[in-house]
Amino acid sequence: MNLDISFSKWETELEKYAPGEKMDALQLLALTEEDSLEDALQSLEEKGIGIDISGLDRIPVSAETALRLRREKELADKNALMTELSETDPLRVYLEELAALPVAGDLQVLAQDYLGGDERVMSRLTDGMLSFVVEKASALAGKGVLMLDLIQEGSLGLWQGILSYEGGDFEAHCNNWIDFYMAKELCRCAREGGIGGKMRQGMADFADADQRLLSELGRNPTTAEIADVLHVTEQEAEAFGFMLRSARGKSRIEEEREEKEEDPDSQLAVEDTAYFQSRQRIDEMLSGLTQKEKMLITLRFGLEGGAPLSPEETGRKLQMTPEEVLRAEAEVLGKLRKE
(Lines give C-alpha, C1' and ligand atoms only; values in the text may rest on other atoms or scores of the structure.)
Protein backbone atom coordinates (compact mmCIF):
# COMPACT_ATOMS: atom_id res chain seq x y z
CA MET A 1 0.00 0.00 0.00
CA ASN A 2 1.32 3.42 -0.93
CA LEU A 3 1.06 5.64 2.14
CA ASP A 4 2.04 8.75 0.19
CA ILE A 5 4.24 9.80 3.09
CA SER A 6 7.65 11.44 2.80
CA PHE A 7 9.88 9.71 5.31
CA SER A 8 13.07 11.46 4.26
CA LYS A 9 12.10 14.93 5.50
CA TRP A 10 13.16 14.25 9.06
CA GLU A 11 14.40 17.85 9.31
CA THR A 12 10.77 19.03 9.56
CA GLU A 13 10.14 16.68 12.47
CA LEU A 14 13.16 17.97 14.40
CA GLU A 15 11.71 21.48 14.29
CA LYS A 16 9.11 20.36 16.84
CA TYR A 17 11.71 19.69 19.52
CA ALA A 18 13.44 22.12 21.84
CA PRO A 19 16.89 21.58 23.37
CA GLY A 20 16.64 19.16 26.27
CA GLU A 21 13.64 17.30 24.84
CA LYS A 22 13.85 13.76 23.47
CA MET A 23 12.79 12.28 20.14
CA ASP A 24 11.47 8.73 20.11
CA ALA A 25 14.06 6.37 18.62
CA LEU A 26 11.46 4.36 16.68
CA GLN A 27 10.11 7.55 15.16
CA LEU A 28 13.63 8.61 14.21
CA LEU A 29 14.28 5.26 12.51
CA ALA A 30 10.95 5.35 10.67
CA LEU A 31 11.53 8.85 9.35
CA THR A 32 15.09 8.39 8.10
CA GLU A 33 16.51 6.48 5.19
CA GLU A 34 19.53 4.26 5.72
CA ASP A 35 21.92 6.91 4.40
CA SER A 36 20.35 9.79 6.34
CA LEU A 37 20.41 8.38 9.89
CA GLU A 38 23.88 9.74 10.64
CA ASP A 39 22.85 13.19 9.38
CA ALA A 40 19.81 13.08 11.64
CA LEU A 41 21.89 11.97 14.64
CA GLN A 42 24.34 14.80 13.97
CA SER A 43 21.49 17.32 13.84
CA LEU A 44 20.07 16.01 17.11
CA GLU A 45 23.48 16.39 18.73
CA GLU A 46 23.93 19.93 17.41
CA LYS A 47 20.45 20.97 18.57
CA GLY A 48 20.82 19.40 22.01
CA ILE A 49 17.89 17.03 21.46
CA GLY A 50 18.07 13.64 23.17
CA ILE A 51 16.81 10.24 22.04
CA ASP A 52 14.16 8.20 23.89
CA ILE A 53 15.28 4.57 23.53
CA SER A 54 12.58 3.05 25.74
CA GLY A 55 10.93 1.44 22.69
CA LEU A 56 14.13 -0.23 21.47
CA ASP A 57 13.77 -3.45 23.42
CA ARG A 58 14.07 -6.06 20.67
CA ILE A 59 16.95 -5.22 18.35
CA PRO A 60 17.57 -8.15 15.95
CA VAL A 61 21.05 -9.65 16.43
CA SER A 62 22.88 -12.85 15.52
CA ALA A 63 22.37 -15.97 17.63
CA GLU A 64 25.90 -15.71 19.06
CA THR A 65 25.43 -12.07 20.01
CA ALA A 66 22.03 -12.84 21.52
CA LEU A 67 23.60 -15.42 23.83
CA ARG A 68 26.25 -12.94 24.96
CA LEU A 69 23.65 -10.21 25.49
CA ARG A 70 21.54 -12.54 27.60
CA ARG A 71 24.57 -13.51 29.68
CA GLU A 72 25.60 -9.88 30.22
CA LYS A 73 22.09 -8.93 31.33
CA GLU A 74 21.87 -11.84 33.78
CA LEU A 75 25.19 -10.92 35.38
CA ALA A 76 24.55 -7.17 35.34
CA ASP A 77 21.19 -7.67 37.05
CA LYS A 78 22.85 -9.48 39.95
CA ASN A 79 26.00 -7.32 39.94
CA ALA A 80 28.21 -10.31 39.17
CA LEU A 81 30.08 -9.21 36.04
CA MET A 82 33.46 -9.14 37.81
CA THR A 83 32.96 -12.44 39.60
CA GLU A 84 31.24 -14.75 37.11
CA LEU A 85 32.77 -13.72 33.78
CA SER A 86 35.97 -15.59 32.94
CA GLU A 87 39.17 -13.96 34.20
CA THR A 88 40.30 -13.25 30.63
CA ASP A 89 36.98 -11.84 29.46
CA PRO A 90 37.68 -8.31 28.03
CA LEU A 91 34.69 -6.83 29.86
CA ARG A 92 35.82 -8.24 33.21
CA VAL A 93 39.40 -7.09 32.60
CA TYR A 94 38.18 -3.56 31.87
CA LEU A 95 35.94 -3.46 34.95
CA GLU A 96 38.78 -4.67 37.18
CA GLU A 97 41.11 -2.00 35.78
CA LEU A 98 38.46 0.64 36.39
CA ALA A 99 37.90 -0.56 39.95
CA ALA A 100 41.66 -0.23 40.60
CA LEU A 101 41.74 3.48 39.71
CA PRO A 102 42.26 5.87 42.63
CA VAL A 103 39.29 7.87 43.87
CA ALA A 104 39.03 11.02 41.77
CA GLY A 105 37.71 13.29 44.50
CA ASP A 106 34.96 15.91 44.31
CA LEU A 107 34.11 16.06 40.60
CA GLN A 108 32.35 19.42 40.83
CA VAL A 109 35.43 21.01 42.43
CA LEU A 110 37.67 19.42 39.80
CA ALA A 111 35.34 20.72 37.08
CA GLN A 112 35.72 24.24 38.43
CA ASP A 113 39.49 23.82 38.37
CA TYR A 114 39.21 22.66 34.76
CA LEU A 115 37.18 25.76 33.85
CA GLY A 116 39.88 27.82 35.53
CA GLY A 117 42.42 26.48 33.05
CA ASP A 118 43.91 23.56 34.98
CA GLU A 119 43.94 20.87 32.29
CA ARG A 120 45.84 18.50 34.56
CA VAL A 121 42.54 17.51 36.18
CA MET A 122 41.15 16.24 32.85
CA SER A 123 42.24 12.64 33.47
CA ARG A 124 40.81 12.68 37.01
CA LEU A 125 37.49 13.99 35.71
CA THR A 126 37.44 11.27 33.08
CA ASP A 127 38.35 8.50 35.53
CA GLY A 128 35.80 9.76 38.04
CA MET A 129 32.95 9.74 35.50
CA LEU A 130 33.74 6.33 33.99
CA SER A 131 31.82 4.64 36.79
CA PHE A 132 28.70 6.43 35.51
CA VAL A 133 29.43 5.11 32.02
CA VAL A 134 29.61 1.54 33.34
CA GLU A 135 26.49 2.03 35.43
CA LYS A 136 24.52 3.19 32.39
CA ALA A 137 25.90 0.40 30.21
CA SER A 138 24.85 -2.13 32.87
CA ALA A 139 21.33 -0.69 32.87
CA LEU A 140 21.20 -1.19 29.09
CA ALA A 141 22.70 -4.70 29.18
CA GLY A 142 20.86 -7.10 26.89
CA LYS A 143 19.12 -4.34 24.96
CA GLY A 144 20.89 -5.03 21.68
CA VAL A 145 24.46 -3.71 22.02
CA LEU A 146 27.32 -5.44 23.83
CA MET A 147 28.39 -3.74 27.03
CA LEU A 148 31.93 -3.01 25.88
CA ASP A 149 30.54 -1.26 22.80
CA LEU A 150 28.17 0.75 24.98
CA ILE A 151 31.05 1.65 27.31
CA GLN A 152 33.14 2.77 24.35
CA GLU A 153 30.37 5.00 23.01
CA GLY A 154 29.56 6.28 26.47
CA SER A 155 33.22 7.17 26.97
CA LEU A 156 33.16 9.19 23.74
CA GLY A 157 30.08 10.97 25.02
CA LEU A 158 31.83 11.64 28.34
CA TRP A 159 34.77 13.16 26.48
CA GLN A 160 32.43 15.44 24.54
CA GLY A 161 30.71 16.35 27.80
CA ILE A 162 33.96 17.39 29.43
CA LEU A 163 35.11 19.39 26.41
CA SER A 164 31.78 21.22 26.14
CA TYR A 165 31.37 21.92 29.87
CA GLU A 166 30.94 25.63 30.58
CA GLY A 167 29.53 25.59 34.10
CA GLY A 168 26.65 24.25 36.16
CA ASP A 169 26.10 20.68 37.33
CA PHE A 170 29.08 18.83 35.89
CA GLU A 171 27.78 15.31 36.48
CA ALA A 172 24.36 16.05 34.99
CA HIS A 173 25.95 17.69 31.96
CA CYS A 174 28.24 14.75 31.26
CA ASN A 175 25.54 12.18 31.95
CA ASN A 176 23.37 13.74 29.25
CA TRP A 177 26.21 13.34 26.76
CA ILE A 178 26.85 9.75 27.87
CA ASP A 179 23.15 8.91 27.45
CA PHE A 180 23.06 10.47 24.00
CA TYR A 181 26.09 8.63 22.66
CA MET A 182 24.83 5.31 23.96
CA ALA A 183 21.42 6.01 22.41
CA LYS A 184 23.09 6.79 19.09
CA GLU A 185 24.79 3.40 19.11
CA LEU A 186 21.53 1.64 19.90
CA CYS A 187 19.88 3.46 16.99
CA ARG A 188 22.67 2.43 14.63
CA CYS A 189 22.38 -1.22 15.66
CA ALA A 190 18.60 -1.05 15.36
CA ARG A 191 19.02 0.30 11.83
CA GLU A 192 21.39 -2.55 10.98
CA GLY A 193 18.78 -4.96 12.34
CA GLY A 194 16.19 -3.53 9.95
CA ILE A 195 13.94 -1.95 12.57
CA GLY A 196 13.35 1.17 10.47
CA GLY A 197 12.10 -0.92 7.55
CA LYS A 198 9.98 -3.05 9.87
CA MET A 199 8.40 0.07 11.34
CA ARG A 200 7.49 1.29 7.85
CA GLN A 201 6.02 -2.08 6.91
CA GLY A 202 4.13 -2.12 10.20
CA MET A 203 2.74 1.34 9.45
CA ALA A 204 1.60 0.19 6.00
CA ASP A 205 0.00 -2.94 7.47
CA PHE A 206 -1.69 -0.83 10.16
CA ALA A 207 -3.16 1.49 7.52
CA ASP A 208 -4.43 -1.50 5.49
CA ALA A 209 -6.02 -3.15 8.54
CA ASP A 210 -7.52 0.14 9.70
CA GLN A 211 -9.18 0.74 6.33
CA ARG A 212 -10.41 -2.86 6.01
CA LEU A 213 -11.88 -2.98 9.52
CA LEU A 214 -13.46 0.45 9.03
CA SER A 215 -15.30 -0.94 6.02
CA GLU A 216 -16.26 -4.20 7.74
CA LEU A 217 -17.33 -2.76 11.10
CA GLY A 218 -18.75 0.57 9.96
CA ARG A 219 -16.84 2.35 12.71
CA ASN A 220 -13.28 3.15 13.75
CA PRO A 221 -11.58 -0.08 14.86
CA THR A 222 -9.84 -0.17 18.22
CA THR A 223 -6.11 -0.64 18.51
CA ALA A 224 -6.75 -4.08 20.02
CA GLU A 225 -8.80 -5.10 16.98
CA ILE A 226 -6.09 -3.93 14.59
CA ALA A 227 -3.43 -5.71 16.68
CA ASP A 228 -5.45 -8.94 16.46
CA VAL A 229 -5.58 -8.69 12.65
CA LEU A 230 -1.84 -7.97 12.42
CA HIS A 231 -0.93 -10.67 14.97
CA VAL A 232 1.12 -8.20 17.03
CA THR A 233 0.79 -6.92 20.58
CA GLU A 234 -1.49 -3.99 21.31
CA GLN A 235 1.58 -1.94 22.28
CA GLU A 236 3.22 -2.64 18.91
CA ALA A 237 0.03 -1.72 17.06
CA GLU A 238 -0.21 1.52 19.04
CA ALA A 239 3.37 2.36 18.05
CA PHE A 240 2.56 1.75 14.37
CA GLY A 241 -0.56 3.90 14.65
CA PHE A 242 1.26 6.75 16.36
CA MET A 243 4.02 6.79 13.76
CA LEU A 244 1.45 6.67 10.96
CA ARG A 245 -0.56 9.57 12.36
CA SER A 246 2.60 11.60 12.90
CA ALA A 247 3.89 10.95 9.37
CA ARG A 248 0.50 11.75 7.83
CA GLY A 249 0.27 14.98 9.76
CA LYS A 250 3.77 15.98 8.63
CA SER A 251 2.91 15.15 5.03
CA ARG A 252 -0.24 17.29 5.15
CA ILE A 253 1.77 20.23 6.46
CA GLU A 254 4.31 19.84 3.64
CA GLU A 255 1.53 19.58 1.03
CA GLU A 256 -0.16 22.73 2.35
CA ARG A 257 3.12 24.63 2.18
CA GLU A 258 3.77 23.52 -1.40
CA GLU A 259 0.23 24.35 -2.52
CA LYS A 260 0.38 27.82 -1.01
CA GLU A 261 3.67 28.49 -2.78
CA GLU A 262 2.25 27.31 -6.13
CA ASP A 263 -1.26 28.79 -5.85
CA PRO A 264 -2.41 30.68 -2.74
CA ASP A 265 -6.06 30.27 -3.74
CA SER A 266 -5.95 26.54 -4.38
CA GLN A 267 -7.99 24.17 -2.23
CA LEU A 268 -6.30 21.64 0.03
CA ALA A 269 -6.09 18.17 -1.43
CA VAL A 270 -8.70 15.75 -0.08
CA GLU A 271 -7.18 13.27 2.38
CA ASP A 272 -7.32 9.56 1.73
CA THR A 273 -10.87 8.20 2.05
CA ALA A 274 -10.49 6.15 5.22
CA TYR A 275 -8.74 8.90 7.15
CA PHE A 276 -11.14 11.55 5.87
CA GLN A 277 -14.21 9.52 6.89
CA SER A 278 -12.78 8.82 10.34
CA ARG A 279 -12.04 12.48 10.90
CA GLN A 280 -15.51 13.51 9.71
CA ARG A 281 -17.22 11.18 12.16
CA ILE A 282 -15.07 12.38 15.03
CA ASP A 283 -15.80 16.02 14.16
CA GLU A 284 -19.53 15.31 14.30
CA MET A 285 -19.24 13.76 17.74
CA LEU A 286 -16.98 16.42 19.27
CA SER A 287 -20.01 18.55 20.13
CA GLY A 288 -20.76 16.19 23.01
CA LEU A 289 -17.37 16.73 24.66
CA THR A 290 -16.18 19.33 27.13
CA GLN A 291 -13.81 22.03 25.89
CA LYS A 292 -10.82 20.32 27.54
CA GLU A 293 -11.78 16.95 26.07
CA LYS A 294 -12.06 18.50 22.60
CA MET A 295 -8.65 20.11 22.99
CA LEU A 296 -7.09 16.85 24.19
CA ILE A 297 -8.43 14.82 21.24
CA THR A 298 -7.56 17.60 18.78
CA LEU A 299 -3.96 17.72 19.98
CA ARG A 300 -3.49 13.95 20.19
CA PHE A 301 -4.87 13.24 16.70
CA GLY A 302 -3.86 16.43 14.88
CA LEU A 303 -7.45 17.28 13.93
CA GLU A 304 -6.65 20.88 13.05
CA GLY A 305 -4.09 20.00 10.37
CA GLY A 306 -0.99 19.76 12.52
CA ALA A 307 0.92 16.59 13.39
CA PRO A 308 -0.47 14.52 16.30
CA LEU A 309 1.26 15.26 19.60
CA SER A 310 2.68 12.72 22.00
CA PRO A 311 1.20 12.33 25.51
CA GLU A 312 4.15 14.35 26.84
CA GLU A 313 3.62 17.21 24.36
CA THR A 314 -0.15 17.20 24.94
CA GLY A 315 0.37 17.17 28.69
CA ARG A 316 2.58 20.26 28.55
CA LYS A 317 -0.10 22.17 26.68
CA LEU A 318 -2.93 21.06 28.99
CA GLN A 319 -0.92 21.03 32.23
CA MET A 320 -1.38 17.28 32.65
CA THR A 321 1.02 14.39 33.16
CA PRO A 322 1.47 11.93 30.28
CA GLU A 323 -0.34 9.29 32.36
CA GLU A 324 -3.28 11.64 32.91
CA VAL A 325 -3.39 12.36 29.17
CA LEU A 326 -3.55 8.66 28.31
CA ARG A 327 -6.25 7.97 30.90
CA ALA A 328 -8.31 10.94 29.73
CA GLU A 329 -7.84 9.94 26.09
CA ALA A 330 -9.11 6.41 26.79
CA GLU A 331 -12.16 7.82 28.59
CA VAL A 332 -12.97 10.24 25.76
CA LEU A 333 -12.53 7.61 23.05
CA GLY A 334 -14.80 5.30 25.06
CA LYS A 335 -17.38 8.07 25.20
CA LEU A 336 -17.11 8.65 21.45
CA ARG A 337 -17.53 4.96 20.65
CA LYS A 338 -20.79 4.88 22.62
CA GLU A 339 -22.29 7.76 20.62
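Along each chain, residues carry numbers from 1 onward, in the same order as the chain's sequence is written. Reporting of local features is limited, given that this is a predicted model, to residues whose pLDDT is at least 70; pairs of side-chain atoms are given and counted only at 80 or more, and all residues count toward the totals for whole chains, interfaces and linings. Values reported for side chains reflect all heavy atoms of the structure, with hydrogen atoms and water molecules removed beforehand.

**So, helix H9 (residues 147–164)**
As a reminder, the rule being used: Labels follow the DSSP assignment, with helices taken as runs of H or I lasting at least four residues and strands as runs of E lasting at least two, numbered in each case from the N terminus. Helices are assigned an expected span. That span is 1.5 Å times one less than the residue count. Contacts: residue pairs with any heavy atoms within 4.5 Å of one another.
The end-to-end C-alpha distance of H9 is 25 Å, a good match for the 26 Å that 18 residues give at a rise of 1.5 Å each. Close packing links the buried residues of H9 with helix H4 (63–77), helix H5 (81–84), helix H6 (90–99), helix H7 (107–115), helix H8 (122–139) and helix H10 (170–192).

**Some points on the packing of aromatic side chains**
Condition: Planes of paired rings set the category: under 30 degrees apart is stacked, over 60 is edge-to-face and the rest tilted, where pairs are Phe, Tyr or Trp rings (Trp by its six-membered ring) whose centres lie within 6.5 Å. Only protein chains enter the calculation, and the probe is 1.4 Å; a residue is then buried if its accessible area is under 20% of its type maximum, exposed if over 50%, and partly exposed in between.
Applying the stated criterion across every chain, the model contains three aromatic pairs. Each ring, one from tyrosine 165 and one from phenylalanine 170, has its centre 5.2 Å from the other, and the planes form 90°; the classification is edge-to-face. The class for phenylalanine 170 is buried, based on a relative accessible area of 0%. Centre to centre, the rings of tryptophan 177 and tyrosine 181 are 6.2 Å apart; their planes meet at 45°, and the pair counts as tilted. Taken together, the positions of tryptophan 177 and tyrosine 181, both in helix H10 and four residues apart, correspond to about one turn of that helix.

**Some words on unusual backbone geometry**
Residue asparagine 79 is not a glycine yet carries a positive backbone phi of 55°. Inspection of the secondary structure puts asparagine 79 in the loop between H4 and H5. The residue glutamine 319 is not glycine, and still its phi comes out positive at about 60°. Along the chain, glutamine 319 falls in the loop between helix H16 (311–318) and helix H17 (322–338).

**Quick notes on the state of the cysteines**
As a reminder of what qualifies: Cysteine sulfur atoms that come within 2.5 Å of each other are treated as a disulfide pair.
One pass over the full model with this rule turns up zero disulfides. In this model cysteine 187 remains outside any disulfide bridge; the closest cysteine sulfur is found in cysteine 189, 9.6 Å from its own. Residue classification places cysteine 187 among the buried residues on the basis of a relative accessible area of 0%. Its relative accessible area of 17% is what places cysteine 189 among the buried residues.

**Examining the pattern of salt bridges**
The line we're drawing: A carboxyl oxygen of Asp or Glu within 4 Å of a side-chain nitrogen of Lys or Arg is what we treat as a salt bridge.
Inspection of the entire model under this criterion finds twelve salt bridges. A salt bridge links glutamate 72 to arginine 68, with the shortest nitrogen-to-oxygen separation between them at 2.9 Å. Within this pair, glutamate 72 and its partner arginine 68 are both found in helix H4, separated by four residues, close to a single helical turn. Judged by its relative accessible area of 24%, arginine 68 is partly exposed.

**A closer look at the nonpolar core**
Heads up, the rule is: Side-chain atoms within 4.5 Å are what join buried Ala, Val, Leu, Ile, Met, Phe, Trp, Tyr and Cys residues into a set we call a nonpolar core.
Among the nonpolar cores identified, the biggest contains 60 residues, and Leu44, Ile51, Leu56, Leu125 and Phe170 are the most heavily contacted of them. Element by element, the count of residues in this core is highest for H10, at twelve residues. Counting residues in hydrophobic clusters, the runner-up holds twelve residues, among them Leu286, Leu309, Met320 and Ala328.

**Things to note about the side chain of glutamate 185**
You can see glutamate 185 is positioned in helix H10. A relative accessible area of 15% means that glutamate 185 is categorised as buried. In this structure, glutamate 185 is in contact with Val145 and Glu153, ignoring residues within four places of it in sequence.

**Quick notes on the packing of H6 against H8**
In a pair of packed helices, the angle between the axes and the distance between the axes together describe the arrangement. Which entries qualify depends on this criterion: As a rule, the C-alpha atoms of each element are fitted with a line to give its axis, helices using only the stretch in contact, and angles between N-to-C directions run from 0 to 180 degrees. The cut-offs work like this: below 35 degrees is roughly parallel, past 145 is roughly antiparallel, 65 to 115 is roughly perpendicular, and the gaps in between are oblique. Two helices cross in a left-handed way if the nearer one is turned anticlockwise from the farther one by less than a right angle. They cross in a right-handed way if the turn is clockwise. In this count, Pro and Cys sit with the nonpolar residues alongside Ala, Val, Leu, Ile, Met, Phe, Trp and Tyr, while Asp, Glu, Lys and Arg are called charged and the others, Gly among them, polar.
Running from N to C, H6 and H8 cross one another at 140°; their axes reach a closest spacing of 10 Å. Here H6 lies oblique to H8, going by the angle between them. For the pair H6 and H8, the crossing hand works out as left-handed. Taking contact as the criterion, the partners of Tyr94, Leu95 and Leu98 in H6 are, on H8, Asp127, Leu130, Ser131 and Val134. Grouping the amino acids of the contact of H6 with H8 by side-chain chemistry returns five nonpolar, one polar and one charged.

**A look at the confidence of the model for the protein chain**
For clarity, the threshold we go by: The pLDDT value tells you how sure the predictor is about a given residue, anywhere from 0 up to 100.
Predicted confidence across the protein chain gives a mean pLDDT of 80, with 78% of residues reaching 70 or more. Low confidence marks residues 250–257, where pLDDT is under 50. Its contacts with residues over four positions away, or in another chain, come to 23 contacts. Low confidence marks residues 260–272, where pLDDT is under 50. Its contacts with residues over four positions away, or in another chain, come to ten contacts.

**Things to note about a negative patch on the surface**
Going by this rule: Like charges within 9 Å and nonpolar side chains (Val, Leu, Ile, Met, Phe, Trp, Tyr) within 5 Å are joined into patches, using only residues over 30% in relative accessible area that form no salt bridge. To measure how exposed things are, a 1.4 Å probe is used in the Shrake-Rupley method; for residues, cover is taken only from the protein chains shown. Charged-residue counts in this description rest on Lys and Arg as positive and Asp and Glu as negative, His and the chain ends being excluded. Throughout, a charge is located at the NZ atom of Lys, the CZ atom of Arg, the CG atom of Asp or the CD atom of Glu.
There is a patch of like negative charges on the surface, built from Glu11, Glu15, Asp35 and Asp39. In this structure, aspartate 39 sits in helix H3 (residues 37–47).

**Here we look at the packing of H8 against H9**
Remark: H8 packs on H9, axes separated minimally by 9 Å, with the N-to-C direction vectors making an angle of 140°. Classified by the angle between their axes, H8 and H9 sit oblique to one another. Read as a crossing pair, H8 and H9 show a hand that is right-handed. Judged by residue contacts, Met122, Leu125, Thr126, Met129, Leu130, Val133, Val134, Ala137 and Ser138 of H8 engage Met147, Leu150, Ile151, Gly154, Ser155, Leu158, Trp159, Ile162 and Leu163 from H9. Considering only residue class, the contact of H8 with H9 consists of 14 nonpolar, four polar and no charged.

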